[in-house]
Number of protein chains: 2
Amino acid sequence: MKDTKAIPYKIYLEESELPTTWYNVRADMKNKPAPLLNPGTLQPMKAEELAPVFCEELVKQELDNDTRYYPIPQEILDFYKMYRPSPLVRAYCLEKKLGTPAKIYYKFEGNNTSGSHKLNSAIAQAYYAKKQGLKGVTTETGAGQWGTALSMACSYFDLDCKVYMVKVSYEQKPFRREVMRTYGASVVPSPSNTTNVGRAILEQFPGTTGSLGCAISEAVEVAVSNPGYRYVLGSVLNQVLLHQSVIGVETKIAMDKYGIVPDVIIGCAGGGSNLGGLIAPFMGEKLRGEKDYQFIAVEPASCPSFTRGKFAYDFADTGKVCPMAKMYTLGSGFIPAPNHAGGLRYHGMSSILSQLYHDGYMEARAVEQTSVFKAAEEFARVEGILPAPESSHAIRVAIDEALKCKETGEEKTILFGLTGTGYFDMVAYEKFHDGLMTDYIPTDEDLQKGFDGIPKIDL
Amino acid sequence: MKDTKAIPYKIYLEESELPTTWYNVRADMKNKPAPLLNPGTLQPMKAEELAPVFCEELVKQELDNDTRYYPIPQEILDFYKMYRPSPLVRAYCLEKKLGTPAKIYYKFEGNNTSGSHKLNSAIAQAYYAKKQGLKGVTTETGAGQWGTALSMACSYFDLDCKVYMVKVSYEQKPFRREVMRTYGASVVPSPSNTTNVGRAILEQFPGTTGSLGCAISEAVEVAVSNPGYRYVLGSVLNQVLLHQSVIGVETKIAMDKYGIVPDVIIGCAGGGSNLGGLIAPFMGEKLRGEKDYQFIAVEPASCPSFTRGKFAYDFADTGKVCPMAKMYTLGSGFIPAPNHAGGLRYHGMSSILSQLYHDGYMEARAVEQTSVFKAAEEFARVEGILPAPESSHAIRVAIDEALKCKETGEEKTILFGLTGTGYFDMVAYEKFHDGLMTDYIPTDEDLQKGFDGIPKIDL
């Protein structure tokens, strides 16, 4: 069967070929990701300590470094069938435009109403909340992709969904807010008068436009103080990478079906949910010594956790209410430049990916904003899809790699993750078209301020 | 093969199964659609009269009532492969929610960056313009779906694309405008200083926010007065319905593959491009007496061309510069209520569909705006997709039909066209959520004003 079939523009698996298990890459890691720590005791968090905040089953998944495959519950499989398989696309038109001998593929996760891969984990987290008999969940959202995905998932399982949306986004991105309302979520601009932490911040800074850190603190407070509620998060956590492995597993099934073997696998990295999901089964083969692949994480030069951050235990949120995680971090006080468009602005990085990067299994590149939008526009014009700014970081490096092949004549097979669409990011595109977009690279002094906030503990 | 396969949530044809011909339903019509008339001579327009405005090959297609199948040129097939097949979806979740014994299917055309089916004809029209050696094309756009589709198509074939966008939309829908700019189109708010007609209107009405009629007139003026340019249109015309037949042909191939036979076929109707495309091959069977289907056109109660219009020769544009067409019309001076959200606001209707409706091959229903948004939200919550307001007219009637089946116990198979997504229509959704959306049904007196402008000719 290998290599004999012509490769179509888009590979859609049959429903019967879809993955039925998630793959837990931790099971194949020799050096496991470091455990979450209780910031008070500096001891690893136990399940019972996490239970007031997270759903039981998700706590189990979070702490489980051993189970290799998790069967995907039927209810989640049924939901996946509404928008999966996502297409694995052969970028014939981009290849032609670039004149490269490289073969370029991308896994496109944007063909659902939430507009990104976030839905893969949102539906899983909503399912476990429902199964536990909860009334609802709380979360925070910045640009709104995660909030949208969670709203859709909660609507499907008839769960209440409270989203704390950073005030500046709430006001500047009314469309995202309305999509969430369409799915029945209650969307609250943060900081708000609905929580103690929100009221305190509003009193201290009456004119604040909010921050992700503050929104997290509000969402957690509401979850722990309302019976029948838990808090859910859309990236960074081990459980999220587990759910997102559906991207990689599906990609691998499709590639195996057509005998395609990628040489390079590229993904954008903010908290790491997409990259971790895409590479999971390929990384598993590398960890087990069965195959070798080159993995490249792409991050914005304005928020360079991997390429310029420290590998250390740090607070996961600016409010310092969450457990501490060992990760590549810029310090929980690091604030990305205001000119930065789109997501990928988290100060830290998934513990799993951090460990893999630290152990040399992955590379990382930092790219500048205007070059990312140039790649986005070039891609949109030949491949038709209008990419999200986040996803376009991966496009930038995929194009760079393909152009290298053009110079060397190598016929590499390049795979990248196209996480979502940019319909709600046209303000950033407008800036780019009007020549008003700028680049920002933090100085060493800028970074030092963030590093100073990393707690001095050595374990 | 019939009826033996389990029906998946989504049917994606293989690349090798995709349609390679468009189907021209006119070939099977006993009563052909009436010809376009020269408004000066009241004689049928000849090819040479249309050639200064439209591309040669498209003129041929426009006038050809006889050729049953048109092979789709390879360059267009290649482009189609980037975003087609579109999925034929079994609405299992909606059926369950409604508790209906009916089987509901929808053909979803929104999975491309233009967000609608318009791209199917845009790429064809751009191709013929390129083949003719033209430099570029001009068009008008209201809400922006057609302009976006044409921008994408022109970018692919490296054609210049000038879009006259109704000024009020240009200002209120900046995101659509930026998508067009991403694809390299020049977007001009209409009325503008770039044309005689625009300057004249601006002088007379300095504060005007524009109209589709004015934008058409500007686009046509630019096309006929610039060597190497032609004008293109996204709906109503016979050529557009021909290209859009790809929707129906693809649907029929997928249904035949799984042994599915629809009883009722439903589509929203503005100018008729989607409905005409979806029903084409099924209507062909009905016209040839091979099979029977129930066809339902759905239009807004605020712009009821079929259900309350006249079947008469009328001007196709408010500027009265275009040929006259025989169609169901509310009069070229009819202006839909300002509270009407989204498209489907054209005063007339495709001549092909008008003839079929007149001859009793089709039914039509008019539905009110708030009930359409109720259906949209209900659909979004269970099927995941956020529908465009236009498409939601079809959803409304599909749900109504399914609920009738619930009462009668009939297990009808219902097929409807889901033309696009509503990402750029969140202002309308917001009004709906806030309870600010109102319904409008024109009185007989309101309609009479439009009818008074229909020319008194009898042919």
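Refer to the structure presented above.
In this report, the structure presented in the accompanying data block is examined. (Residues numbered from 1 in each chain as written. Chains lettered and ligands numbered in written order. Predicted model: local features only at pLDDT ≥ 70, side-chain atom pairs only at ≥ 80, totals over all residues. Heavy atoms only, no water.)

**Observations concerning the interface of chain B and chain A**
Alright, step 1. Contacts between the two partners involve 44 residues from chain B, matched on the other side by 44 residues from chain A.
Alright, step 2. In total, about 4,100 Å² of surface goes out of reach between chain B and chain A, with carbon and sulfur atoms giving 56% of it.
Alright, step 3. Between Arg181 of chain B and Asp434 of chain A there is a salt bridge, with its nearest N and O atoms 2.8 Å apart.
Alright, step 4. For the interface between chain B and chain A, the tally reads 28 residue pairs in polar contact (both at pLDDT 80 or more). (Contact = heavy atoms within 4.5 Å. Buried area = accessible area lost by both parts, 1.4 Å probe. Salt bridge = Lys/Arg side-chain N within 4 Å of Asp/Glu carboxyl O. Polar contact = N/O pair within 3.5 Å; in protein donor to acceptor, adjacent residues only side chain to side chain.)

**So, the sheet that holds strand β14 (residues 363-367) of chain B**
Residue and element names in this part refer to chain B.
Alright, step 1. Taken together, seven strands build an open sheet; the order of strands is β1-β4-β5-β15-β10-β11-β14 and the sheet is mixed. The sheet terminates laterally at β1 (10-11) and β14, the two strands that pair on one side only.
Alright, step 2. In this structure, strand β4 (residues 88-90) lies alongside strand β5 (residues 103-108), joined through three bridges in antiparallel fashion. Opposite Leu88, over in β5, you have Lys107 as the bridge partner.
Alright, step 3. Docked against the sheet, helix α16 (residues 389-408) engages β5, β10 (264-268), β11 (294-300), β14 and β15 (413-418), running at close to 170° with respect to β15. (Pairing = 2+ DSSP bridges. Helix = DSSP H or I, 4+ residues; strand = E, 2+ residues; numbered from the N terminus. Axes fitted to C-alpha atoms, helices over the stretch in contact; angles between N-to-C directions.)

**Details of the environment of Ala380 of chain B**
Alright, step 1. Assignment of secondary structure puts Ala380 of chain B in helix α15 (residues 369-383).
Alright, step 2. Remark: the alpha-carbon pair of Ala380 of chain B and Leu94 of chain B, spanning 286 residues in sequence, is separated by 9.5 Å.
Alright, step 3. Sequence-distant contacts of Ala380 of chain B, defined by excluding residues within four places in its chain, comprise Thr182 and Tyr183 of chain A together with Ile385, Leu386 and Pro387 of chain B.

**A few points about the pattern of salt bridges**
Alright, step 1. Following the criterion strictly, the structure yields 56 salt bridges over all chains and no others.
Alright, step 2. Arg177 of chain A is the salt-bridge partner of Glu430 of chain B, the closest N and O atoms lying 2.9 Å from each other. Of this pair, Glu430 of chain B sits in helix α17 (residues 426-433) while Arg177 of chain A sits in helix α8 (residues 174-182), which puts the two residues in different chains.
Alright, step 3. By relative accessible area, which is 22% here, Glu430 of chain B ends up partly exposed.
Alright, step 4. You can call Arg177 of chain A buried: its relative accessible area is 11%.
Alright, step 5. Here Asp78 of chain B ties to Lys81 of chain B by a salt bridge, and the two come within 3.5 Å at their closest N and O atoms. Here Lys81 of chain B and Asp78 of chain B lie together in helix α3 (residues 74-83), a separation of three residues that amounts to about one turn.
Alright, step 6. A residue is classified by how much of its surface remains accessible, and Asp78 of chain B, at 22% relative accessible area, is partly exposed.
Alright, step 7. The network of salt bridges with common partners includes Arg177, Glu178 and Arg181 of chain A together with Glu430 and Asp434 of chain B. (Buried < 20%, exposed > 50% of the residue type's maximum accessible area, 1.4 Å probe, protein only.)

Everything listed is a geometric property; what it means functionally is a separate question.
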